[in-house]
Amino acid sequence: MLIPVLLFIVGLLCLIKGGDWFVDGATGIARRFHVPELLIGATVVSIGTTLPEVMVSTTSALTGHGEIAYGNAIGSVICNSALIAAIPIVAKPGKVDPKSLRTPVLFFFVAAAFYAGVAYTTGYFSRPVGLVLLAMFVAYIVCNILAMKNAPAPAEDEEPEENSSLAKELGLLAVGAVLIAVGANLLVDNGTLIAQALGVPESVIALTFVALGTSLPELVTAITSLAKGHGALSLGNVIGANVFNLVLVSGVSATVAPFTIPQNSMLLGHNASLVLEFPVMFAVMLLLTVPALVKGRLSRPQGIALLCIYAAFCVVQFTI
């Protein structure tokens, strides 16, 4: 039991450092070729911080553990919204630009409605469903690129650091990708062993520990943004990552290895995924985004409420 736990922790560390180096390398390359900073944040950073979820879910689906592939995507959305985004809100609430949030929020709820529709009707994420989700991902990226091209140009381009080189940035990109792949394998394999040893359903492990672990790159981004006085960047990254969790993470998983929603957890006589996880996912996203869109600001009580919901969600997960 000790070895799987240690390997599980090593997997988390590989994911964290791999995601960090991947984003550093990709951002350095983008700046070197004078890609606008906003475009970097809207695409490279969000995709980079979502890579752990992509690797974990795809690996899980390919190895026959569809519960982890499904639970990790939903769990990461809940974790991002109710924990990762809530921490900066509680620490330093502030104003946000509603216009910049409209596109990702709209895409999220459209994708979430489609995702929930599949879960509540057939419960089977087939290859065509995966392709539809991936098409949504492509549409989202195109919309962001067009929006960023139409955005006002920055006052001055950021140049690469003097001690950086293209070879170093490519190296960070490659090593980061390898660490993410290795970490994903360690996380899935040992997370499954821990679940079996404790008699806990795989879907519960995926919705809590694995989801939290793969969301750590978003947490690092949130803390860094807060420290530099860019809280809105943290919120945008979280919402963008949530979109990617549904359309990219689940889209890739369903396309390479179709899966069904978990059937081993019941709540009030019904599938826990349908009566707990989806309602919580929609609730935390509404609580996170509606005040930002309507009032243009985030409040400390809002962040505290999100943290309370996440704590209650974790408690319920371990009691069913």
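Residues numbered from 1 in each chain as written. Predicted model: local features only at pLDDT ≥ 70, side-chain atom pairs only at ≥ 80, totals over all residues. Heavy atoms only, no water.

Under an unreviewed UniProt entry, the name given to the chain is Sodium:proton exchanger, and the organism recorded is Faecalibacterium langellae.

Draft legend 1. Expanded view of the nonpolar core. With 61 residues, the main nonpolar core has Tyr115, Phe125, Leu246, Phe278, Met281 and Leu288 as its most contacted residues. Looking at this core, the elements with two or more residues in it are α3 (66-84), α4 (86-91), α5 (98-121), α6 (127-150), α9 (216-227), α10 (231-256), α11 (272-295) and α12 (300-317). In terms of nonpolar packing, the next biggest core, distinct from the first, is built from 12 residues, Leu15, Phe22, Ile68 and Val188 among them. (Core = buried A, V, L, I, M, F, W, Y, C linked by side-chain atoms within 4.5 Å. Buried < 20%, exposed > 50% of the residue type's maximum accessible area, 1.4 Å probe, protein only. Helix = DSSP H or I, 4+ residues; strand = E, 2+ residues; numbered from the N terminus.)

Draft legend 2. A nonpolar patch on the surface, seen in detail. A contiguous nonpolar surface patch, about 400 Å² in accessible area, is contributed by Leu2, Leu6, Ile9 and Leu13. You can see Leu6 is positioned in helix α1 (residues 2-32). On the accessibility criterion, Leu6 (46% relative accessible area) is partly exposed. (Patch = residues over 30% accessible without salt bridge, like charges linked within 9 Å, V, L, I, M, F, W, Y side chains within 5 Å. Areas by Shrake-Rupley, 256 points an atom, 1.4 Å probe, with all protein chains shown as cover. Salt bridge = Lys/Arg side-chain N within 4 Å of Asp/Glu carboxyl O.)

Draft legend 3. Quick peek at the packing of α11 against α12. Orientation of α11 relative to α12, taken along the N-to-C sense of each, is 170 degrees, at an axis distance of 10 Å. As judged from the angle between their axes, α11 and α12 are roughly antiparallel. Along its contact with α11, which presents Leu276, Glu277, Val280, Val284, Leu287, Leu288 and Pro291, the element α12 presents Gln302, Ala305, Leu306, Ile309, Phe313, Val316 and Gln317. Residue composition of the contact of α11 with α12, by class: 11 nonpolar, 2 polar and 1 charged. (Axes fitted to C-alpha atoms, helices over the stretch in contact; angles between N-to-C directions. Parallel < 35°, antiparallel > 145°, perpendicular 65-115°, else oblique. Contact = heavy atoms within 4.5 Å. Nonpolar A, V, L, I, M, F, W, Y, C, P; charged D, E, K, R; others polar.)

Draft legend 4. Spotlight on the packing of α5 against α11. Interaxial distance between α5 and α11 falls to 11 Å at its minimum, and their mutual angle equals 165 degrees. Considering their axes alone, α5 and α11 lie roughly antiparallel with respect to each other. α5 and α11 meet at a crossing whose hand is left-handed. Contacts between α5 and α11 involve Pro98, Leu101, Arg102, Val105, Phe108, Phe109, Ala112, Ala113, Tyr115, Ala116, Ala119 and Tyr120 from the former and Leu274, Phe278, Pro279, Met281, Phe282, Met285, Leu286, Thr289, Ala292 and Leu293 from the latter. Here the contact of α5 with α11 is composed, by residue class, of 20 nonpolar, 1 polar and 1 charged. (Left-handed = near helix turned anticlockwise from the far one by under 90°.)

Draft legend 5. Looking closely at α12. With 18 residues, α12 should cover 26 Å at 1.5 Å per step; its first-to-last C-alpha distance of 26 Å lies within 8% of that length. Turning to α12, its buried residues are Gln302, Gly303, Leu306, Tyr310, Phe313, Cys314 and Gln317. Considered in projection along α12, the buried side chains sweep an arc of 110 degrees and stay on one side of the axis. Seen from the buried face of α12, the exposed residues on the opposite side, beyond 90 degrees, are Pro301 and Val315. (Expected span 1.5 Å × (residues − 1). Arc of directions from axis to C-beta.)

Draft legend 6. Representation of the environment of Ser57. Position of Ser57 among the secondary structure elements: in helix α2 (residues 37-62). Considered as a pair, Ser57 and Asn72 are 15 residues apart in the sequence and their alpha carbons are 6.6 Å apart. Non-local contacts of Ser57, meaning those with residues more than four positions away in its chain, are made with Ile68, Ala69, Asn72, Ala73, Val249 and Ser253.

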